[in-house]
Amino acid sequence: MTSSSLIRPADGPGRILHVTPESAGWDHVEFGVVEVAAGAPWSGVQADRETAIVPLAGQGRVHVAEEMVVELSRGSVFTEMARIVYLPPGTPYRIESEAGLQASVGSAPAEGRYPVRVFDPSEMRIEIRGGGQAYRQVVHSLSHPLPAERLILYEVYVPRGTWSGWPPHCHDGRDGSPYLEEVYYFRLDRPEGYAMHRNWRDDEDYDDAMVVTDGDVALVPKGYHTSVACPGSNMYFLNYLAGELSDGERGTPPCFMAEHTWIEADWTAGEWGLPVVTPDGPGVRE
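Conventions used here
- Throughout, a residue's number is its position along its own chain's written sequence, starting from 1.
- pLDDT decides what is reported in this predicted model: residues at 70 or higher carry local features, side-chain atom pairs at 80 or more are listed and counted, and totals for whole chains, interfaces and linings draw on all residues regardless.
- Excluded from the side-chain calculations are hydrogens and water; all other atoms, namely the structure's heavy atoms, are used.
- Segments assigned H or I by DSSP are reported as helices when at least four residues long, segments assigned E as strands when at least two residues long, and all are numbered from the N terminus.
- Under the scheme applied here, a residue whose accessible area is under 20% of the maximum for its type counts as buried, over 50% as exposed, and between as partly exposed, the area being computed with a 1.4 Å probe on protein chains only.
- In protein, a polar contact means a hydrogen-donor-capable atom and an acceptor-capable atom, both N or O and within 3.5 Å, with residues adjacent in sequence counting only if both atoms are side-chain atoms; elsewhere, any N or O pair within 3.5 Å suffices.
- By definition, residues are in contact when any of their heavy atoms lie within 4.5 Å.
- When DSSP finds at least two bridges between two strands, those strands are taken to pair.
- A pocket, in this scheme, is an open set of points on a 1 Å grid over the protein atoms alone with protein on both sides within 12 Å along at least 5 of 7 lines, while a cavity is a set where a 1.4 Å probe fits but cannot get out; residues line either one if an atom lies within 4 Å of a point.
- Grid points are joined across faces, edges and corners, and a volume is the space filled by probe spheres set on the points.
- Note on residue classes: Ala, Val, Leu, Ile, Met, Phe, Trp, Tyr, Cys and Pro are nonpolar, Asp, Glu, Lys and Arg are charged, and everything else, Gly too, is polar.

**Let's talk about the side chain of Ser 104**
No. 1: Mapped onto the elements, Ser 104 comes out in strand β9 (residues 101–109).
No. 2: Given a relative accessible area of 0%, Ser 104 falls into the buried group.
No. 3: There is a polar contact of 3.0 Å between the side chain of Ser 104 and the side chain of Tyr 240.
No. 4: Those residues within four positions of Ser 104 in sequence are excluded, and the remaining contacts are Phe 31, Gly 32, Val 33, Ala 52, Ile 53, Val 54, Leu 56, Leu 238 and Tyr 240.

**Concerning the sheet that holds strand β16 (residues 195–201)**
No. 1: Here five strands make up an open sheet; going across it, the order is β17-β16-β19-β14-β21 and the pairing antiparallel. In this open sheet, the two strands that pair with only one neighbour each are β17 (206–212) and β21 (255–256).
No. 2: In this sheet, β21 lies alongside strand β14 (residues 163–170) in antiparallel orientation, the contact comprising two bridges. Looking at β21, one finds that His 169 is bridged to Phe 256.

**Thoughts on the sheet that holds strand β12 (residues 136–142)**
No. 1: Spatial strand order, β1-β18-β15-β20-β13-β12-β11: seven strands in an open sheet with antiparallel pairing. If you trace the sheet from one side to the other, it starts and ends with β1 (6–7) and β11 (125–129), each paired once.
No. 2: Pairing geometry for strand β15 (residues 180–188) and strand β18 (residues 217–220), over four bridges, is antiparallel. Bridge pairing in β18 places Tyr 185 opposite Val 217.

**So, the layout of surface pockets**
No. 1: Estimated volume of the largest pocket: approximately 660 Å³.
No. 2: Considering the residues around the largest pocket, the lining is formed by 33 residues, among which Arg 129, Tyr 154, His 169, Pro 254 and Phe 256 are closest to the centre.
No. 3: Listing elements by their share of the lining of the largest pocket, those giving two or more residues are β11, β12, β13 (152–158), β14, β15 and β20 (235–243).
No. 4: In terms of residue count, the dominant contributor to the lining of the largest pocket is β14 (five residues).
No. 5: When the residues that make up the lining of the largest pocket are grouped by side-chain class, the tally is 15 nonpolar, eleven polar and seven charged.
No. 6: Residue lining of the second largest pocket: Gly 131, Gly 132, Gln 133, Ala 134, Trp 163, Trp 166, Trp 262, Ile 263, Trp 267, Ala 269 and Glu 271, and that is the complete set.

Put into structure tokens, the structure is as follows:
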């Protein structure tokens with residue numbers, strides 16, 4: 001049975017993915033992916049929501065309120081970082097492209113405390129997290145201290161066969177965590193591969209594990225969560241988050257699952273070498 005938290009893309013051009021608060025059953029995050037072709041621009045305006053536009057592949061431009069034009073270009077999410085366009089509530093925009101552009105467009109409730117802004121890659125903090133089989137790169141595409149009211153964006157790069165979100169963490173308002181809704185938009189550099197994503201709570205009957213393929217979205221409505229890439233495909237995902245945190249509070253960390261935090265002290269502790277056992281007794285296991 002397919003998880004209700006797994007959304008697969010439709011054919012383009014136009015909007016190929018769309019998650020609304022109503023469809024997700026939550027209050028804050030809206031997310032979509034649009035494919036803009038020559039002669040078929042994509043337009044929008046959100047009266048009471050801030051919006052972030054992230055180019056994923058191709059070339060194009062964003063016309064902002066007919067007063068500003070922002071050029072966007074990205075060969076691939078796997079090869080380069082990209083500019084992000086931030087729009088306060090009530091700001092109309094139009095995305096145009098002659099060569100073709102795929103972009104994400106996501107939003108969250110806002111009052112209009114920040115102006116239109118373009119965030120360049122040089123402003124985004126890059127972090128290498130974890131170790132062992134949970135070693136990955138996190139790009140803080142739109143997180144504190146970069147200003148927004150509620151939106152938080154990350155782009156994460158996970159080598160094949162490697163885990164992300166380990167130790168598992170939650171931000172559903174329980175166990176001392178802040179409340180944040182989240183989408184994961186997945187891309188795989190060998191699209192025939194797949195990844196696994198799991199949301200769960202250890203204190204209630206909630207366990208939602210799903211197989212994600214290239215271009216899929218996984219929702220995180222609640223619970224601890226983590227993802228792993230298959231051995232044949234490197235993995236990228238783009239996160240849009242929003243919830244109760246605003247402005248500088250957006251830097252508040254999630255809550256980590258205590259049973260698994262021991263590994264952060266030594267990511268190689270207890271690692272096996274192979275073979276573990278032989279007919280003559282133990283192998284090279286330490």
